[in-house]
Amino acid sequence: MPRQPTAGRGPTLIGSVQRALRLLEAVGGFGHGATAKQLARAAELPLGTAYHLLRTLAHEGYLRRSEGRFFHGEALDDIAGSRVRPGLPDLRMRMQSLRDDLGAAVYFALYRDGEVHLVDVVEGPDRPAVEPWADFRATAHAHAIGQCLLGQLPEEVRRDHLERHPPTGLTPSTLTGESAVLRRLAALRPTMPVLERQEYALGTVCAAVPITIGPVVATMALSLPVEQSDRLASTARQLRCEVGAMSPSFIL
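Residues numbered from 1 in each chain as written. Predicted model: local features only at pLDDT ≥ 70, side-chain atom pairs only at ≥ 80, totals over all residues. Heavy atoms only, no water.

Student: Just checking my understanding: could you explain the pairing of strand 5 (residues 194–197) for this structure?
Tutor: The side chains of a regular strand alternate, residue by residue, between the two faces of the sheet. Here strand 5 shows a clear split, with Val194 and Glu196 buried on one side and none of Leu195 and Arg197 buried on the other. One ladder, built from four bridges, connects strand 5 with strand 6 (residues 204–213); its direction is antiparallel. Paired with arginine 197 across the two strands is valine 205, which belongs to strand 6. Counted between consecutive antiparallel strands, the loop separating strand 5 from strand 6 contains six residues, among which glutamine 198 sits at a positive phi close to 55 degrees. (Buried < 20%, exposed > 50% of the residue type's maximum accessible area, 1.4 Å probe, protein only. Helix = DSSP H or I, 4+ residues; strand = E, 2+ residues; numbered from the N terminus. Pairing = 2+ DSSP bridges.)

So this is what it looks like as structure tokens:
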């Protein structure tokens, strides 16, 4: 067990700051935005406490609120620096083009620092994105994005991830059990799309294409309403072809 700080010798910690940071981290797990209730649950905070902190973070620019959902704000981007931001306009344009060509919502995600990071989502009025009802970081075993990212990692890294985020059932179709998930990941073909049918969210089918460039582990993905399941395999092949034709520079 980790040793507890001795009275009078440990650091002085500000509880409200810790809670605010937990909320900022929670927002990162909901790339398509999250409500105060979802974030309070993810950060394990009382709803009232979470709501007051979210209002403060939004006022200071660290979060932004749109249609009842919270997203990371410009002030947080400034802190993050220029490591990711210069490529985002080009990335978004490419994703918008893919959305129009595929007739589907499009996602870009990375595996970084031991977690799934949903970088951007592009949708349209007739191409809605998946409702992010459960934290993407903790449910990588269930969605195509997470399966695709984990499938590109060494087995010991996959095991570490699943030990930290044990596979749980989200829908009747979700594969659970660490051993079963590891077998599925081991069977994935390195350059082929990963298909997922209603494992993360009922009413939605998804596909993800692996992108590995040097140390970068990434994926471009799409989602369709379950009524269009017959399009999934062919649209995934089209996504694979179009992503393969793109310059990889925007990822770096």
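Student: Can you walk me through the side chain of threonine 174 in this structure?
Tutor: Tracing the backbone through its elements, the reader meets threonine 174 in the loop between helix 7 (155–164) and helix 8 (178–187). Owing to a relative accessible area of 10%, threonine 174 belongs among the buried residues under this scheme. In this structure the side chain of threonine 174 is engaged in a polar contact, spanning 3.2 Å, whose partner is the backbone nitrogen of leucine 170. A polar atom in the side chain of threonine 174 sits 2.5 Å from the backbone oxygen of glutamate 199. Setting aside residues no more than four positions away along its own chain, threonine 174 makes contact with His141, Ala142, Thr168, Gly169 and Glu199. (Polar contact = N/O pair within 3.5 Å; in protein donor to acceptor, adjacent residues only side chain to side chain. Contact = heavy atoms within 4.5 Å.)

Student: Looking at this structure, I do not really get the pairing of strand 7 (residues 216–225). What am I missing?
Tutor: Within strand 7, nine of the ten residues are buried, which leaves it mostly tucked inside the rest of the structure. Examined bridge by bridge, strand 3 (residues 105–112) and strand 7 share six bridges and lie antiparallel to one another. Bridge pairing in strand 7 places phenylalanine 108 opposite methionine 220. In this sheet, strand 7 lies alongside strand 6 in antiparallel orientation, the contact comprising ten bridges. Paired with isoleucine 213 across the two strands is valine 216, which belongs to strand 7.

Student: When you look at the sheet that holds strand 3 in this model, what are you seeing that I'm missing?
Tutor: Strands belonging to one sheet form pairs held by backbone hydrogen bonds; the direction of such a pair is parallel or antiparallel. Within the open sheet, the five strands sit side by side as 4-3-7-6-5. Their pairing is antiparallel. This sheet does not close on itself; its edge strands, each paired only once, are strand 4 (115–122) and strand 5. Averaged over neighbouring strand pairs, the angle between their axes works out to 25 degrees when direction is ignored. Seen against the sheet, helix 6 (residues 144–151) touches strand 3, strand 4, strand 5, strand 6 and strand 7 and runs at an angle of roughly 25 degrees to strand 6. (Axes fitted to C-alpha atoms, helices over the stretch in contact; angles between N-to-C directions.)

Student: Teacher, can you tell me more about a nonpolar patch on the surface here?
Tutor: The grouping of Ile14, Val17 and Leu21 at the surface amounts to a nonpolar patch, some 260 Å² of accessible area in total. Relative to the helices and strands, valine 17 resides in helix 1 (residues 15–28). Residue classification places valine 17 among the partly exposed residues on the basis of a relative accessible area of 45%. (Patch = residues over 30% accessible without salt bridge, like charges linked within 9 Å, V, L, I, M, F, W, Y side chains within 5 Å. Areas by Shrake-Rupley, 256 points an atom, 1.4 Å probe, with all protein chains shown as cover. Salt bridge = Lys/Arg side-chain N within 4 Å of Asp/Glu carboxyl O.)

Student: I would appreciate a short explanation of the environment of alanine 180 in the present structure.
Tutor: Along the chain, alanine 180 turns up in helix 8. Accessibility expressed as a relative area gives 18% for alanine 180, which makes it buried. With 13 residues separating them along the chain, alanine 180 and proline 167 place their C-alpha atoms 9.6 Å apart.

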